[in-house]
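# Fold and geometry: a report
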Amino acid sequence: MNTDLSPVPWPVSIGQAAQLSGISPKMLRHYENLGLLGAVHRTEGNYRQYAEADVHTLRFIRRARDMGFTLDEIRDLVNLWHNRRRSSENVKRIAQRHIDELGERIAALEAMRRTLQDLVQRCPGNQRPDCPILDDLGGAGDTGLYRKNTETPRLLHG
């Protein structure tokens, strides 16, 4: 990826913008359709022409995606980034909410890891068919979970 934007003759084609920003042309069009970019100039032949500011915005979007922000959060962040009268309080609130969500996901992943470690330790890993991993995935430990799906259907009205 070319990171030095100065020698580039602006505006650039979608392929060049994709290369400069590290975003595929398909995702670039997607972000444009979602309104994450401002209006992109088009030639008389209807080819997209990206300015240096567009490529900077695309890099911003790529970095925000790399950090796990949702498209809605990125839309808000891009709008705040372009608004010179913004309040950093709004930016911090979005980032803090994202940190909190990441913490919840990390906790859930750690719980999954602990459960799987326990199941792997209990699995004999031999030639016999008994396997606590499959039993757990099949719901053997949660008898009430599947009972409601095996009851005889009843009409609610009738």
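Heads up: these notes are all about the structure in this document. Just so you know, the residues in each chain are numbered from 1, in the order the chain's sequence is written. Residue-level local features of this predicted model are given only where pLDDT is at least 70; pairs of side-chain atoms are given and counted only at 80 or more, and the full residue set underlies all totals for whole chains, interfaces and linings. Excluded from the side-chain calculations are hydrogens and water; all other atoms, namely the structure's heavy atoms, are used.

Strands here mean DSSP runs of E at least two residues long; helices mean DSSP runs of H or I at least four residues long; both are numbered from the N terminus. You can see Arg48 is positioned in strand β2 (residues 48-49). Buried, partly exposed and exposed residues are distinguished by accessible area as a fraction of the type maximum, computed with a 1.4 Å probe on protein chains only: under 20%, between the cut-offs, and over 50%, respectively. Residue Arg48 is classed as buried on the basis of its relative accessible area, which comes to 18%. Pairs of N or O atoms within 3.5 Å make up the polar contacts considered here, provided that, within protein, one atom can donate a hydrogen while the other can accept it, and that residues adjacent in sequence are counted only when both atoms are side-chain atoms. Among the polar contacts made by the side chain of Arg48, one reaches the side chain of Glu32 at a distance of 2.7 Å. Engagement of the side chain of Arg48 in a polar contact is seen with the side chain of Tyr50, the distance being 3.4 Å.

A word on the packing of helix α1 (residues 14-21) against helix α3 (residues 52-66). Running from amino to carboxyl end, α1 crosses α3 at an angle of 45°, the nearest separation of the two axes being 9 Å. Taken together, the axes of α1 and α3 are oblique relative to one another. α1 and α3 meet at a crossing whose hand is right-handed. Only Val55, Leu58, Arg59 and Arg62 of α3 make contact with α1, whose side of the interface consists of Ala17, Leu20 and Ser21. Helix axes are fitted to C-alpha atoms over the stretch in contact, other axes to C-alpha atoms as well, and angles between N-to-C directions run from 0 to 180 degrees. These descriptions rest on fixed angle ranges, namely under 35 degrees for roughly parallel, over 145 for roughly antiparallel, 65 to 115 for roughly perpendicular, and the rest for oblique. In this scheme, a crossing is called left-handed if the near helix is turned counterclockwise away from the far one by less than a right angle; it is called right-handed if the turn is clockwise. Note on contacts: a residue pair is in contact if any heavy atoms of the two residues lie within 4.5 Å.

A separate point is the packing of aromatic side chains. Aromatic pairing here means that ring centres of Phe, Tyr or Trp (its six-membered ring) are within 6.5 Å. Orientation follows from the plane angle: under 30 degrees is stacked, over 60 is edge-to-face, and everything else is tilted. What the rule picks out here adds up to 1 aromatic pair. Each ring, one from Phe60 and one from Trp81, has its centre 4.4 Å from the other, and the planes form 20°; the classification is stacked. Of this pair, Phe60 sits in helix α3 while Trp81 sits in helix α4 (residues 71-82); the two residues are 21 residues apart in sequence, bridging distant segments of the chain.

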